[in-house]
Amino acid sequence: LFTLAKSEAHEPSVSKAAKSRGSLVAYPNPANETCRVRVKEPSIIRVFDAFGREVWNSVQQVDSEVTIPVGQWSPGLYVIKGYGGAQALLVVSE
C-alpha cells in the first residue's frame, strides 16, 4: 500500500515510507532518464506500469545495484518488485 504526502511546494510526493519496503531502494525518485535500484539479496527486479504490465526486468546478485533506463517510458507511476515482497513506487517524470 502506498501513501501520498503533500510536500512543502504543494505538489504531491511519495512519502519515504512508501518509496521502499524491505531491502530494495530506488533513486532518484522521481526519475526522468535513469533510476538506480539497490538490493541486498539476490533478486529478479521487475518493473510494472500502472496497468500491471511488466515493462522491464533484470537478475541481480547479492548487495548489487542496477540502472534502469526510464527515459523512453511514459510519465507516470511504476512499481518495482524484488525479493521477498520488497517493492518501491517509482515516479517517472518528463
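Reading the values: the criteria
- Residues numbered from 1 in each chain as written.
- Predicted model: local features only at pLDDT ≥ 70, side-chain atom pairs only at ≥ 80, totals over all residues.
- Heavy atoms only, no water.
- Helix = DSSP H or I, 4+ residues; strand = E, 2+ residues; numbered from the N terminus.
- Contact = heavy atoms within 4.5 Å.
- Buried < 20%, exposed > 50% of the residue type's maximum accessible area, 1.4 Å probe, protein only.
- Pairing = 2+ DSSP bridges.
- Axes fitted to C-alpha atoms, helices over the stretch in contact; angles between N-to-C directions.

Student: Could you clarify how one ought to interpret the environment of Val 66 in this entry?
Tutor: Summarising the element assignment, Val 66 is placed in strand β7 (residues 64-69). With 29 residues separating them in the primary sequence, Val 66 and Val 37 have C-alpha atoms 5.4 Å apart. Excluding residues that lie within four positions of it along the chain, Val 66 makes contacts with Cys 35, Arg 36, Val 37, Trp 56, Ser 58 and Gln 60.

Student: How do you make sense of the pairing of β7 when you look at a structure like this?
Tutor: Here is the key point about a regular strand: its side chains alternate between the two faces of the sheet. Residues Ser 64, Val 66 and Ile 68 line the buried face of β7, whereas the alternating positions Glu 65, Thr 67 and Pro 69 sit on a face that is not buried. With six bridges joining them, strand β4 (residues 34-39) and β7 adopt antiparallel strand pairing. When the sheet's bridge partners are listed, Val 39 is paired in β7 with Ser 64.

Student: Is there a simple way to think about the sheet that holds strand β5 (residues 43-48) in this case?
Tutor: What the four strands build is an open sheet, ordered β6-β5-β8-β9; its pairing is antiparallel. Looking at the sheet topology across the chains shown, the edges are occupied by β6 (54-60) and β9 (87-92). Averaged over all pairs of adjacent strands, the angle between strand axes in this sheet comes to 20°, irrespective of strand direction. Alignment of strand β8 (residues 76-81) against β9, held across six bridges, turns out to be antiparallel. Counted as the bridge partner of Lys 81 is Gln 87 from β9.

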